Amino acid sequence: MHDEILFEFPKRAVETVKNVLKFLKVGEPIVKREPKDVRVEIPVMYLDFAVDKVHYDPSLKGPSPKGRHVKGYDVDIEEAKRAVENALKEAKVLEGVEYREAERVWVVPVSWRKLIVMHVKVTYDGKEIVPDYGITSEVRRRIL
Amino acid sequence: MELLRKLEDVFYRIASFLKRERLLSILILVYVALLFFDSSLIRRTPKLIDYESIATILSFLIVSRGLEISGFFSKVAGKVVEFSRGSEFRLLVILIAVVTLSSTVIMNDNAIFVFIPLILTISSVADIELSKAVSLVAIAANVGSSLTPFGNPQNIIIWRKYDVPALEFVVSMFPFVLAWTTLNLAFAWKCARGCINVSEFPSVSVNKRLVMLSITLFVLNVLLVEINLPFLAFLITFVTYSTLSRETILSIDLAIVAVFALIFVDFGEISRLISPHIGVAGSNFEIVLLSALLSQAISNVPATVLLSSRCPWLPLAIGVNLGGTGFVIGSLANLIAVRMSKISLKDFHRYSIPYFLAATAVTLIILIA
């Protein structure tokens, strides 16, 4: 059992994310407008659920690494969407996982050009994708 | 310079509100236009809102959203692909059957939320025509939701307003839903092309606690609404989800409350204004045709509010549910399907309008027979 936890389940979690990578799509951008600037986050969707969101860097016109929240004044939302769409096509699943005890999930990092741009959560047994319910809720609210 | 920027920000916020809440904006404009016509509307506004129906719609909306985001139906969606075994016709038949059945319980727009992404995924790995699958699934969601009094907002309004027992509602609607589903399957048979090749994809984990919670509250809501306690149903639903599954509550756009309130006010007022000039009650045949065509012009929930006190419930329910197919404006589920899938209106109407015409003919034949 210990071997399974240390080797088999994480390996399976990475494989699961590799399998879903080609099915990931961008959702409708979440635009947070503040008095002087705009923050654009692009939800990444698997089936009808968001798995994470990618922060968009308007100065680089591409995804920003996770944890770095960049703002801009003039942001072309369609361009942001396209940039993240293209980045998803080039994205790679990293061969390592993190475990989150409270949620009982493996967290698998996904990178784009040396930057970790998003995480995908996988169940403890490594078989199923665990959605990010907070972002999913936000996406649902904005559909119409 | 600072002032300019602030002005620009205000305009941006108004523009994004109008863009985000198109339906609400149109209803506000209609309300303002009605105020110009008769300013005493302000005093009558609170009385025009059917609070019990709104409480019922919200209760079922929350519960069905809980079921949807539990992942249970996504699991079902994965099985649909598995059972299609590479046949496009079989895939369409299973999709139509599953969407029709699920929308009797989770409401038509929630069924769309579950199955349109699945179709998008399938279309990205298999050679299926997206517009065909999306259109037939949207029809299935509308048709399936017609069967039960809690399947969609127009049925909830009719159920509440006419005090129809839930079982009587289902039994009366059954022959029509069966005919409409058969017709949808016939369209699938006519349009299916042959073999498809779909690769497997991992499923989403199911939140079992949320499934159990939603099923329990769903049954409780049906019972409470049946014994005429819609506010208690809403209160229990809201408090329970707020405590145990906040993400379900947060996934609901609160603007929907204003949308339904304004639908009741605007179309209740229009109904009052046209009352002296037009009386609706006629033969069942005429009511079905009128309510179906009216739904094509102003969508089926407003059509229900407009006609609900002027004719018997069954032909009205048949007409407004039939009118949910056809033009995209017919129902909210159509709009969500087109918006999520990004298919063109022309492509959507290529399937939905012939279906509406054929379904109307079949319905009228059943009524005459």
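Residues numbered from 1 in each chain as written. Chains lettered and ligands numbered in written order. Predicted model: local features only at pLDDT ≥ 70, side-chain atom pairs only at ≥ 80, totals over all residues. Heavy atoms only, no water.

Asks: Even after reading the chapter, I still don't get the overall build of chain B, so can you show me in this structure?
Replies: Helix and strand counts for chain B come out as 19 helices and zero strands. By the compact-globule yardstick of 21 Å for 369 residues, chain B fits well, its C-alpha radius of gyration being 21 Å. Once the C-alpha set of chain B is aligned to its principal axes, its extents read approximately 65 × 60 × 45 Å. Once local pairs closer than 6 in sequence are excluded, the contacts in chain B between residues at least 24 apart make up 80%. For chain B, the distance from the average site of its 28 positive side-chain charges to the average site of its 23 negative ones is 3 Å. (Helix = DSSP H or I, 4+ residues; strand = E, 2+ residues; numbered from the N terminus. Rg over C-alpha atoms; globule rule 2.2 N^0.38 Å. Contact = heavy atoms within 4.5 Å. Lys, Arg positive; Asp, Glu negative; His and termini not counted. Charge placed at Lys NZ, Arg CZ, Asp CG, Glu CD.)

Asks: In this structure, what is going on with the environment of B:Leu61? I would like to understand it.
Replies: Residues and elements named next belong to chain B. Mapping leucine 61 onto the fold places it in helix H4 (residues 51–69). Judged by relative accessible area, which is 9%, leucine 61 ranks as buried. Along the chain, leucine 61 and aspartate 266 lie 205 residues apart, while their C-alpha atoms are 22 Å from each other. Setting aside chain neighbours within four positions, we find leucine 61 in contact with Met107, Asn110, Ile252 and Ile256. (Buried < 20%, exposed > 50% of the residue type's maximum accessible area, 1.4 Å probe, protein only.)

Asks: Explain the interface of chain B and chain A here, please?
Replies: Accessible area lost upon the coming together of the parts serves often as the stated size of an interface. Contacts between the two partners involve 42 residues from chain B and, on the opposite side, 30 residues from chain A. A combined buried area of about 3,300 Å² lies between chain B and chain A, and 58% of that area is made up of carbon and sulfur atoms. For the pair chain B and chain A, the number of links is zero salt bridges. On the surface where chain B and chain A come into contact, there are five residue pairs in polar contact (both at pLDDT 80 or more). Looking at the side of chain B that touches chain A, the elements with two or more residues in it are helix H1 (2–20), H4, helix H5 (72–84), helix H7 (108–125), helix H13 (246–250) and helix H18 (332–341) of chain B. (Buried area = accessible area lost by both parts, 1.4 Å probe. Salt bridge = Lys/Arg side-chain N within 4 Å of Asp/Glu carboxyl O. Polar contact = N/O pair within 3.5 Å; in protein donor to acceptor, adjacent residues only side chain to side chain.)

Asks: What's the story with the pattern of salt bridges in this structure? I'm lost.
Replies: Side-chain pairs of opposite charge can arise where the charged atoms are in close proximity. Throughout the structure, instances matching the rule amount to 21 salt bridges over all chains. Between B:Arg44 and B:Asp38 there is a salt bridge, with its nearest N and O atoms 3.1 Å apart. Judged by its relative accessible area of 22%, B:Asp38 is partly exposed. One salt bridge in this structure joins B:Arg160 and B:Glu52, with 2.2 Å as the shortest N-O distance. Taken as a pair, B:Arg160 in helix H9 (residues 153–162) and B:Glu52 in helix H4 lie far apart in primary sequence, 108 residues in all. Among the residues examined, B:Glu52 registers a relative accessible area of 29% and is labelled partly exposed. Each of A:Glu98, A:Arg100, A:Glu103 and A:Lys121 takes part in salt bridges that share partners, so that together they form one network.

Asks: Quick question: what am I supposed to make of helix H16 (residues 300–307) of chain B here?
Replies: The α-helix advances 3.6 residues per turn, and as a result positions three or four apart in sequence lie on the same side. Residues and elements named next belong to chain B. The buried fraction of H16 amounts to eight of the eight residues, a majority that puts the element mostly inside the structure. What H16 keeps buried is the set Asn300, Val301, Pro302, Ala303, Thr304, Val305, Leu306 and Leu307. Tucked inside the fold, the buried residues of H16 contact H9, helix H14 (255–274), helix H15 (284–298) and helix H17 (313–322).

Asks: Looking at this structure, how should I read the packing of aromatic side chains?
Replies: The geometry of two aromatic rings is summed up by the distance between their centres and the angle between their planes. Residue and element names in this part refer to chain A. Summed over all chains, the structure comprises 13 aromatic pairs over all chains. Both rings, one in phenylalanine 49 and one in tyrosine 133, keep their centres 6.3 Å apart while their planes meet at 85°; by these two values the pair is edge-to-face. In this pair, phenylalanine 49 sits in strand S4 (residues 49–57) while tyrosine 133 sits in helix H3 (residues 133–141), placing the two residues 84 residues apart along the sequence. One exposure class covers both phenylalanine 49 and tyrosine 133, and it is buried. Feature note: the residues Phe9, Tyr99, Trp106 and Tyr124 constitute an aromatic cluster, connected by ring pairs. (Phe/Tyr/Trp six-rings, centres within 6.5 Å; stacked < 30°, edge-to-face > 60°.)

Asks: Explanation requested: the side chain of B:Asn155 in the structure shown.
Replies: Residue and element names in this part refer to chain B. Residue position: asparagine 155 is located in helix H9. A relative accessible area of 0% means that asparagine 155 is categorised as buried. Within polar-contact distance, the side chain of asparagine 155 engages the backbone oxygen of serine 145 at 3.2 Å. Of note is the side chain of asparagine 155, whose polar atom sits 2.9 Å from the side chain of asparagine 321. Residues within four places of asparagine 155 in sequence aside, it is in contact with Ser145, Ser146, Leu147, Thr148, Pro149, Phe169 and Asn321.

Asks: How should the nonpolar core be read in this particular structure?
Replies: Across soluble globular proteins, nonpolar side chains have a tendency to be buried as a group. Judged by nonpolar contacts, the single largest core of 153 residues is most densely connected at A:Tyr46, A:Met118 and B:Ile112. Sequence-distant contacts of A:Tyr46, that is, excluding residues within four places in its chain, are made with A:Val20, A:Phe23, A:Leu24, A:Val51, A:Ile129, B:Phe201, B:Pro202 and B:Val204. The next biggest cluster of nonpolar side chains, apart from the first, holds five residues, and it includes A:Ile30, A:Met45, A:Ile135 and A:Val139. (Core = buried A, V, L, I, M, F, W, Y, C linked by side-chain atoms within 4.5 Å.)

Asks: Can you walk me through the side chain of B:Asn321 in this structure?
Replies: Residue and element names in this part refer to chain B. With respect to the helices and strands, asparagine 321 occurs in helix H17. Reaching out from asparagine 321, the side chain makes a polar contact with the side chain of serine 146 at a distance of 3.4 Å. Setting aside chain neighbours within four positions, we find asparagine 321 in contact with Ser146, Asn152, Gln154, Asn155, Met173 and Trp180.

Asks: Just checking my understanding: could you explain empty space enclosed by the protein for this structure?
Replies: Where empty space is left can be seen by rolling a probe of water-molecule size over the atoms. All names here are of chain A. Within the structure shown, the criterion is met by three cavities of 30 Å³ or more. Counted as a void, the largest cavity has a volume near 40 Å³. Of the residues forming the lining of the largest cavity, the biggest block, three residues, is contributed by helix H2 (residues 77–90). Here the lining of the largest cavity is built from residues that sort into eight nonpolar, no polar and no charged. (1 Å grid on protein atoms, 1.4 Å probe; cavity = no way out; pocket = protein on both sides within 12 Å on 5 of 7 lines; lining within 4 Å. Points joined across faces, edges and corners; volume = space filled by probe spheres on them. Nonpolar A, V, L, I, M, F, W, Y, C, P; charged D, E, K, R; others polar.)

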